[in-house]
Amino acid sequence: LPIASMTKLATLAVVFDYLDKGVIKENDITRVSETAAAVGGSSAFLDSGSSYKVSDLIKSVIIASANDSSVALAECVAGTEEVFVSKMNKFAKALNLQNTNFENCTGLPSSNHYSSASDIAMIYKSMCNNEIYKKYSKVWMDDFIHPSGRKTGLVNTNRLVKTYDGIEGGKTGYTDSAKFCLTASAKRGDTRLIGVVIGA
């Protein structure tokens, strides 16, 4: 099924892998292309041609599901979104996922872009313990400061962050084709449950 912005769990997983390998660093500065700044849908309203810290772009993806920041990170890691998506598909194969194919790093509608509930749960499981992810996954609201000093308010798209006891985080998504989607996890004691809803 189409999975909308739950796609960004795989985007983040690949970015975290490159951080772990030291290929990029949180404090690296990357210039935002016109292509990234022009991506539609949920956005951090990045300024084309301006330079942003990798950590700030990650924050805006985790909290506010920013499509422009996702593409900017993809270009930072791989040069182009197309090359980055090939890394996402390689990552899915490494997890032995049988029902997943990515065509972009945002989850915006594309004919051959899909996954399944069980595959998304495995992707989430692979990255939800990442310390950078955990730093932002339960943040409800935060400010995103642009290089110009302009401020964008970030609001978490996962309302469970504000209301559910034990929530760890997750990822929402919505497009007309995917409908409402949610991956979320909660922990009680040593037990973690991951839930995935697609097409609600």
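Refer to the structure presented above.
Residues numbered from 1 in each chain as written. Predicted model: local features only at pLDDT ≥ 70, side-chain atom pairs only at ≥ 80, totals over all residues. Heavy atoms only, no water.

Q: Can you walk me through the pairing of strand β4 (residues 151-155) in this structure?
A: One face of the sheet, then the other: side chains in a regular strand alternate in exactly this way. Residues T152 and L154 line the buried face of β4, whereas the alternating positions K151, G153 and V155 sit on a face that is not buried. Pairing of strand β3 (residues 141-145) with β4 involves five bridges; the strand directions are antiparallel. Bridging across to β4, D143 finds its partner in G153. Hairpin connection from β3 to β4: five residues lie between these consecutive antiparallel strands, with G149 at a positive phi of about 95°. (Buried < 20%, exposed > 50% of the residue type's maximum accessible area, 1.4 Å probe, protein only. Helix = DSSP H or I, 4+ residues; strand = E, 2+ residues; numbered from the N terminus. Pairing = 2+ DSSP bridges.)

Q: Just to check I follow, could you spell out unusual backbone geometry for this structure?
A: It is generally the case that most residues other than glycine have a negative phi and that most peptide bonds are trans. Of note in the backbone geometry, F45 takes a positive phi value of approximately 60° without being a glycine. Positionally, F45 belongs in the loop between α2 (34-37) and β2 (51-53). Here S65, not a glycine, exhibits a phi torsion of approximately 60°, which is positive. Looking at where S65 falls in the secondary structure, it is placed in the loop between α3 (54-64) and α4 (67-78). On the basis of relative accessible area, S65 is assigned to the buried category, the value being 3%.

Q: Sorry, what's going on with the side chain of H113 here?
A: Locating H113 in the fold gives a position in the loop between α5 (81-94) and α6 (117-127). Of the polar contacts made by the side chain of H113, one reaches the backbone nitrogen of E103; its length is 2.8 Å. Apart from residues lying up to four places away in sequence, H113 is in contact with P2, I3, T7, N101, F102, E103, N104 and G107. (Polar contact = N/O pair within 3.5 Å; in protein donor to acceptor, adjacent residues only side chain to side chain. Contact = heavy atoms within 4.5 Å.)

Q: What am I meant to see in the packing of aromatic side chains here?
A: Remark: the centre distance and the inter-plane angle together describe each pair of aromatic rings, the angle taken between the planes. Applying the stated criterion to the full structure yields three aromatic pairs. Between Y174 and F180 the ring centres are 4.5 Å apart and the planes differ by 40°, which places this aromatic pair in the tilted class. (Phe/Tyr/Trp six-rings, centres within 6.5 Å; stacked < 30°, edge-to-face > 60°.)

Q: Help me out: how do you make sense of the environment of I120 in this one?
A: Note on placement: I120 falls in helix α6. Judged by its relative accessible area of 1%, I120 is buried. Taking C-alpha positions, I120 is 17 Å from S137, a pair spaced 17 residues apart along the chain. Once residues lying within four places of it in the same chain are set aside, the contact partners of I120 are I3, M6, L9, S115, T183 and V196.

Q: Any chance you could explain empty space enclosed by the protein here in plain terms?
A: The gaps left among the atoms become clear once a water-sized probe is rolled over them. By the definition in use, this model includes one cavity of 30 Å³ or more. Counted as a void, the largest cavity has a volume near 40 Å³. A total of three residues in the lining of the largest cavity trace back to one element, the largest contributor, which is strand β5 (residues 167-175). Of the residues in the lining of the largest cavity, the class split is two nonpolar, six polar and one charged. (1 Å grid on protein atoms, 1.4 Å probe; cavity = no way out; pocket = protein on both sides within 12 Å on 5 of 7 lines; lining within 4 Å. Points joined across faces, edges and corners; volume = space filled by probe spheres on them. Nonpolar A, V, L, I, M, F, W, Y, C, P; charged D, E, K, R; others polar.)

Q: Explain the nonpolar core to me, please; I cannot follow it from the model alone.
A: Nonpolar side chains in soluble globular proteins generally cluster together in the buried interior. With 54 residues, the main nonpolar core has F16, I58 and F84 as its most contacted residues. In terms of residue count, the dominant contributor to this core is helix α1 (residues 8-20) (nine residues). Residues contacting I58, with those up to four places away along its chain left out, are L12, V15, F16, L19, L73 and I132. (Core = buried A, V, L, I, M, F, W, Y, C linked by side-chain atoms within 4.5 Å.)

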